[in-house]
Amino acid sequence: MMLALEMYRSPAKYLAAKAVGGRIPGILTGPAAPLRLVTINEPKAEREGWARIRPILSGICGSDLGMVTGATKLYFSAVVSLPFVPGHEIVGELLDDCEDLPKGTRVVMDSVLTCAARGVEPCEGCVSGNTNRCDRITVGHVAPGLQTGFCRDTGGGWGNLMVAHRSQLYAVPDGMSDERAVLVEPLAGAVHAALRAKVEPGQSVLVSGAGAVGLFATLALRELTQAGRITVVAKHPKQRELARAFGASDVVAPDEVFRGVRRATGAFRLKQDFSGGEFLLGGVDVAVDAVGSKDSIDTVLRVTKAGGRVVLSGMPASGADLSPVWFRELEVTGTYASAREEPNGRPAFETALELAGRAPLDGIVGARYPLYRWREALDHAHSAGRLGTVKVAFDVRAS
């Protein structure tokens, strides 16, 4: 038996969170949360290539918060299996030998449950190395689940024990701290986003959002591309400071985006009738949305020049106005998780491990909570930017 936070099916709580969560944020980690701290059976590693892992630290990400608060779209209901233990940003210790990785190895995990993990014939995505596009995430000997942390059979990082397949695991270098290692999974996502952005040398880039997704995207763009001016939209003082440390050329507040991009690129700024909205003729070459809100998506679409590229790195909300996509012939690109073979020919996790070793990441994990303080942890994560925190994590060994 083990202690874990478990996400369970509750249509009533989902509807309550959707209805009042935006107006009463505290209810999202109180009576409306379809999450509970329970003692449950440990998941089993009974098939070849699988091993047990004891999580050390497990991060709380935007998709986790979306799941708890009811913001996640019902689109994803077909690719999860309830009840499940959340947590896919982990650093943990192997409790079993796993092929070439000996027991006791510290590991990080690519959470996507691909054909290799499910024991099925590889799909087109897995064959090509685009493992994040796997078409087999609901079949095989593992319950449906797009990732570990959304699957009934595997457990997740918000519990005392989980299981993973060798294809998901990467050894952590001996000198790397747990606080840096737990950031490797979101860093891998940023590596994937930066490379999918296809930034040409000298091109201008806008990153909308300076939470973990936006800050790590900024870091990856600066480290892995030859981008010219990178402008980051940041709401809070600590976010502005970190954006500059991670490579931003300019940092603007949300209400300064149009003015800042117009000044930086020489674009024309136009006002709409009636609505008070605006857009640019001209603008940045590439824009990365790292928020997923309607306002953020609307903004990046309206400040990207004709023929430019917009990268959706935050889980998108509904209601964005797609008129600029048609009128300015924008290329819209999605980025999800990370791939085993990125455009640079390497797994994103290998590049992310290198970034985690050298980037200025000290203090990025700004708070650690035991599992029994989960309500405090989620409240903190929900208000992280305002509180000057980038990443909140569960200290699972303290639970």
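Each chain carries its own residue numbering, running from 1 in the written order of its sequence. Residues qualify for local features only when their pLDDT is at least 70, as the model is predicted, and side-chain atom pairs are given and counted only at 80 or more; totals for whole chains, interfaces and linings, by contrast, use all residues. Remark: hydrogens and water are excluded; side-chain values derive from all non-hydrogen atoms of the structure.

What counts, and what does not: UniProt positions are given in the numbering used here, feature names are shortened, and annotations may be inferred rather than shown by experiment.
The name an unreviewed UniProt entry gives the protein chain is Threonine dehydrogenase-like Zn-dependent dehydrogenase, with Kribbella pratensis as the organism. Recorded in UniProt under Cofactor (unreviewed entry), the annotation for the protein chain is "Zn(2+)".

Observations regarding the pattern of salt bridges
For clarity, the threshold we go by: Each reported salt bridge corresponds to a side-chain nitrogen of Lys or Arg within 4 Å of a carboxyl oxygen of Asp or Glu. Strands here mean DSSP runs of E at least two residues long; helices mean DSSP runs of H or I at least four residues long; both are numbered from the N terminus. For every residue, the accessible area obtained with a 1.4 Å probe (protein chains only) is divided by the maximum for its type, and the residue is called buried under 20%, exposed over 50%, and partly exposed between those limits.
Going through the model one piece at a time under the given rule, you end up with 20 salt bridges. With a closest N to O distance of 3.0 Å, Arg368 and Asp395 form a salt bridge. Placement of the pair is Arg368 in strand β16 (residues 365-369) and Asp395 in strand β17 (residues 391-395), with a sequence separation of 27 residues. Here Arg368 falls in the partly exposed class, since its relative accessible area comes to 39%. Residues joined in a network through salt bridges with shared partners are Arg106, Asp178 and Arg397.

With respect to the UniProt feature "domain: Alcohol dehydrogenase-like C-terminal" (unreviewed entry) in the protein chain
If you check UniProt for "domain: Alcohol dehydrogenase-like C-terminal" (unreviewed entry), the listed places come out as residues 212-341 in our numbering. When the span residues 212-341 is considered, its composition is 35% helix and 26% strand, and the gap between its end C-alpha atoms is 23 Å.

Considering the sheet that holds strand β14 (residues 304-312)
Operational definition: Only strands joined by at least two bridges in the DSSP assignment are considered to pair. Axis geometry follows a simple rule: fit a line to the C-alpha atoms, using only the stretch in contact for helices, then measure angles between N-to-C directions, giving values from 0 to 180 degrees.
In spatial order, the strands read β10-β9-β8-β13-β14-β15; together these six strands make up an open sheet with parallel pairing. Each having just a single partner strand, β10 (250-252) and β15 (331-334) make up the two edges of the open sheet. Strand after strand, the sheet turns through a mean of 20° between neighbouring axes, direction not considered. Bridge count between β14 and β15: four bridges; the pairing is parallel. By the bridge assignment for β15, Val310 is matched with Val332.

Observations concerning unusual backbone geometry
Note that the residue after Leu82, namely Pro83, is joined by a cis bond; omega there is -5°. Mapped onto the elements, Pro83 comes out in the loop between α2 (62-69) and β4 (90-94). If you check the backbone angles, Glu99 has positive phi at about 55° while not being a glycine. Inspection of the secondary structure assignment puts Glu99 in the loop between β4 and β5 (106-109). Among the residues examined, Glu99 registers a relative accessible area of 56% and is labelled exposed.

Remarks on the nonpolar core
Filter applied, for reference: We call a set of buried Ala, Val, Leu, Ile, Met, Phe, Trp, Tyr and Cys residues a nonpolar core when their side-chain atoms join them within 4.5 Å. Should any heavy atoms of two residues lie within 4.5 Å, those residues are considered in contact.
With 52 residues, the main nonpolar core has Val108, Val205, Phe216, Leu221 and Leu361 as its most contacted residues. Elements with a contribution of two residues or more to this core: β3 (50-59), α6 (184-196), β8 (205-208), α7 (212-224), β9 (230-233), α8 (237-245), β13 (284-289) and α12 (348-358). Top contributing element to this core by residue count: α6, with seven residues. Beyond its immediate stretch of four places on either side in the chain, Val108 contacts Ile90, Val91, Gln168, Leu169, Tyr170, Val172, Ala181, Val184, Phe349 and Leu353.

Section: the packing of α6 against α7
Selection rule: Here is the rule for angles: anything less than 35 degrees is roughly parallel, anything more than 145 is roughly antiparallel, 65 through 115 is roughly perpendicular, and the remaining ranges are oblique. Here is the rule for handedness: rotate from the far helix to the near one, and if that takes an anticlockwise turn smaller than a right angle the crossing is left-handed, while a clockwise turn gives right-handed.
Interaxial distance between α6 and α7 falls to 8 Å at its minimum, and their mutual angle equals 55°. The angle between α6 and α7 places the two elements in the oblique class. Between α6 and α7 the crossing geometry is right-handed. Contact residues: Pro186, Leu187, Ala190, Val191, Ala194 and Leu195 in α6; Phe216, Ala217, Leu219, Ala220, Leu221 and Leu224 in α7.

Digging into the pairing of strand β11 (residues 268-271)
Sheet analysis places β11 next to strand β12 (residues 278-281), joined by four bridges and oriented antiparallel. Among the inter-strand pairings, Leu270 is bridged to a residue of β12, identified as Phe279. Between β11 and β12, which pair antiparallel one after the other, the connecting turn spans six residues, and Phe274 there sits at a positive phi close to 70°.

Details of the UniProt feature "domain: Alcohol dehydrogenase-like N-terminal" (unreviewed entry) in the protein chain
In the numbering used here, UniProt assigns the feature "domain: Alcohol dehydrogenase-like N-terminal" (unreviewed entry) to residues 48-174. Span residues 48-174 is 13% helix and 20% strand, its end C-alpha atoms 27 Å apart.

Quick word on the packing of aromatic side chains
Going by this rule: Pairing of aromatic side chains here covers Phe, Tyr and the six-membered ring of Trp, requires ring centres within 6.5 Å, and sorts the geometry by plane angle: under 30 degrees stacked, over 60 edge-to-face, intermediate tilted. Sitting over a ring, as applied to charges here, requires NZ of Lys or CZ of Arg to be within 6 Å of the ring centre and within 35 degrees of the ring normal.
Per the counting criterion, the structure on display carries five aromatic pairs. Plain terms: the ring middles of Tyr75 and Phe76 are 5.1 Å apart, the flat faces sit at 80° to each other, and that makes the pair edge-to-face. The class for Tyr75 is exposed, based on a relative accessible area of 69%. On the basis of relative accessible area, Phe76 is assigned to the partly exposed category, the value being 24%. Consider the rings of Phe84 and Phe150, whose centres lie 5.6 Å apart with planes at 55°: the pair is tilted. Here Phe84 is found in the loop between α2 and β4, whereas its partner Phe150 is found in the loop between α4 (124-127) and β6 (162-165), with 66 residues between them in sequence. The ring centre of Tyr8 lies 4.0 Å from the NZ or CZ of Arg36, which sits over that ring. Stacked on the ring of Phe327, the Lys or Arg Arg328 has its end atom at 5.3 Å from the ring centre.

Quick look at the pairing of β8
To keep it simple, the criterion reads: Here is how to tell: hold the view so the strands point away, follow the path from the first strand over the helix to the second, and if it runs clockwise the crossover is right-handed.
Of the two faces of β8, both are covered, the one formed by Val205 and Val207 as well as the one formed by Leu206 and Ser208. Bridging between β8 and β9 involves four bridges; their strand directions are parallel. Its bridge partner being in β9, Ser208 is matched across the sheet by Val233. In this fold, β8 hands off to α7, which returns the chain to β9; that crossover is right-handed. Inspection of the sheet shows β8 paired to β13 by four bridges, in the parallel sense. When the bridges of β13 are listed, Val205 appears paired with Val286.

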